[in-house]
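# Results of the structural survey
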Amino acid sequence: MQLIQTKIKNKTLLYISISQITFLSFEEKKKLAKNLDSYNDLALLFIEDISLIIQRKISSRAIWNGEENRRKTDLIAYYCEKLNIGMLFYFDDKYPKILLNCSDPPFLLYFRGNPDVLSGTNVSVVGTRRLTSFGRKAAIEFSYDASMDGVNVVSGLAIGGDSAAHIGALDAYYDCFEREEDCNKVGRTIAVLPCAADDIVPSSNKRLAQKIIESGGCLISEYEPTSQIANWHFVQRNRIIAGLSQSTVVIEAPVGSGALITVDYALDMGRDVMFHKVSFNDFAEQISKKSKDELELKYMQKKVSKFKVENSPKKFVDDGAPVIINYKDYCSCLLEIPGRRNITN
């Protein structure tokens, strides 16, 4: 029996139900969707039935409760309607097709704001939470210029580099608005959340999130309303930040920074990665050294991997990632032969 009546169609309820099954891959969710007509049918299945449909034996550690899944789906549908949270499934016209090139794209994206910007020309701008004043200035200026050029800025709404990137894009929009110019020519900003679609993490950025929506930008999440945040969500969020753009620009990122995880995702997807010159200023290098010392201690305590200790901007630049000085230089770099900048410099 359906717990909460909604106006959402039965097929959509099925897709919501399937999106919640964490032990299935994107392709397996698609296969399950093609073989079922409603979420009521899914609720009646045993885990062995799901294994037969996807043609893979599911681990005995996987937890499945069809009735609980259906109850949760009713709640999700209710909160999406009540809180005006939109949904984009992988087959929807407004679902960003560039994301489908990820190794594990989201089956469902929840959004607040304007979903049209997701499929525009985007650049992902990321940086450490321990941003220097030089890094903040660089992030704001780069994002401002990108937005003025009609490019949408993607980031993760975190404290530090992410917030500065969003602020730069918002400054461009509001400057254009105050001058009574055509704001449709200005790029917007997109925030990828690590939390539930009805939440903001960190909470101190709630006003910033509201401005993103008000300016015609968008907040997106793959986590349903009222769900609890988990540490691994932050890493998973980074793959979407990288996946939404053809290019990722790192403002500042000390050794072991989460921003470098976004770089790894971007490179795995065959996307361009660039480092802003400010990443290598003296103050940023000092922060990076302190971060490396802290990580080496944790490595000795077997709390982090050797990979994290060695993951640094210099490593990526040595491997061929170009260094840029501003947005104009970024545009020039996009037209250059890959690797040429590192050879000539």
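Being a predicted model, the structure only gives us computed values, none of them experimental.

### Brief notes about the side chain of N69
- Tracing the sequence through the fold places N69 in helix α5 (residues 66-83).
- With a relative accessible area of 9%, N69 lands in the buried category.
- Here N69 is in contact with S17, Q20, I21, L42 and W64, once residues within four sequence places are set aside.

### Overview of the confidence of the model for the chain
- Taken as a whole, the chain shows an average pLDDT of 92; of its residues, 96% reach a score of 70 or greater.
- Across residues 1-5, confidence stays below pLDDT 50; counting only partners more than four residues off in sequence or on other chains, it has nine contacts.

### Description of the sheet that holds strand β4 (residues 152-155)
- Strand order in the open sheet formed by nine strands is β1-β2-β6-β5-β4-β3-β7-β8-β9, with mixed pairing between adjacent strands. The strands lining the two open edges of the sheet, one partner per strand, are β1 (86-89) and β9 (323-324).
- Bridge count for strand β7 (residues 247-250) against strand β8 (residues 272-276) is four bridges, and the pairing is parallel. Bridging across to β8, V249 finds its partner in M274.
- Where helix α6 (residues 133-148) meets the sheet, it contacts β3 (122-126), β4, β7, β8 and β9, and its direction lies at approximately 175° from that of β3.

### Description of the side chain of S51
- Structurally, S51 is set in helix α4 (residues 47-54).
- S51 gets classed as buried once you look at its relative accessible area, which sits at 15%.
- Side-chain polar atoms of S51 contact the backbone nitrogen of I58, separated by 3.2 Å.
- Once residues within four sequence positions are removed from consideration, S51 is found in contact with R56, K57 and I58.

### Some words on the nonpolar core
- One finds L42, F107, Y110, I220 and F275 to be the most contacted residues of the largest nonpolar core, which totals 63 residues.
- Apart from residues no more than four positions distant in its own chain, L42 is found in contact with L14, S17, I18, I21, L32, L36, W64 and N69.
- Core analysis: the next-biggest nonpolar cluster, separate from the first, contains 21 residues, V123, L131, A169 and V249 among them.

### Focus: the pattern of salt bridges
- Overall, the coordinates contain 13 salt bridges when judged by the stated rule.
- As a salt-bridge pair, K72 and E224 come within 2.9 Å of each other at their nearest N and O atoms. Separated by 152 residues along the polypeptide, K72 in helix α5 and E224 in the loop between β6 (218-221) and α9 (231-243) bring together distant segments of the chain.
- For E224, a relative accessible area of 13% translates into the label buried.
- Note that D318 and K314 form a salt bridge whose closest N and O atoms lie 2.8 Å from each other. Placement of the pair is D318 and K314 together in helix α13 (residues 313-318), with a separation of four residues, close to one helical turn.

### A closer look at the environment of Q20
- Along the chain, Q20 falls in the loop between α1 (10-19) and α2 (26-34).
- Of the residues examined, Q20 reaches a relative accessible area of 13% and is grouped as buried.
- Spatially, the C-alpha atoms of Q20 and N10 are 16 Å apart, while their sequence positions differ by 10 residues.
- Beyond its immediate sequence surroundings of up to four residues, Q20 is in contact with N69, K72, T73 and I76.
- One polar contact links the side chain of Q20 to the main-chain carbonyl oxygen of I16, over a distance of 3.4 Å.

### Remarks on helix α10 (residues 259-268)
- If you check which residues of α10 are buried, you get A259, L260, T262, V263, Y265 and A266.
- As for α10, its buried residues are in contact with β3, α9, β7, β8 and α13.
- Count one or two residues on from α10 and you reach G270, which has phi positive near 75°.

### Comments concerning the packing of α6 against helix α7 (residues 161-178)
- Here α6 crosses α7 at 40°, and the two axes come no closer than 7 Å. Judged by the angle between their axes, α6 and α7 are oblique. The handedness of the crossing between α6 and α7 comes out as right-handed. Counting all contacts with α6, which are made through R136, A139, I140, S143, Y144, S147 and M148, the residues of α7 involved are G161, A164, A165, I167, G168, A169, D171, A172 and D175.
- Residues that form the contact of α6 with α7 fall into these classes: nine nonpolar, four polar and three charged.

What counts and how
Residues numbered from 1 in each chain as written. Predicted model: local features only at pLDDT ≥ 70, side-chain atom pairs only at ≥ 80, totals over all residues. Heavy atoms only, no water. Helix = DSSP H or I, 4+ residues; strand = E, 2+ residues; numbered from the N terminus. Buried < 20%, exposed > 50% of the residue type's maximum accessible area, 1.4 Å probe, protein only. Contact = heavy atoms within 4.5 Å. pLDDT = per-residue confidence, 0-100. Pairing = 2+ DSSP bridges. Axes fitted to C-alpha atoms, helices over the stretch in contact; angles between N-to-C directions. Polar contact = N/O pair within 3.5 Å; in protein donor to acceptor, adjacent residues only side chain to side chain. Core = buried A, V, L, I, M, F, W, Y, C linked by side-chain atoms within 4.5 Å. Salt bridge = Lys/Arg side-chain N within 4 Å of Asp/Glu carboxyl O. Parallel < 35°, antiparallel > 145°, perpendicular 65-115°, else oblique. Left-handed = near helix turned anticlockwise from the far one by under 90°. Nonpolar A, V, L, I, M, F, W, Y, C, P; charged D, E, K, R; others polar.

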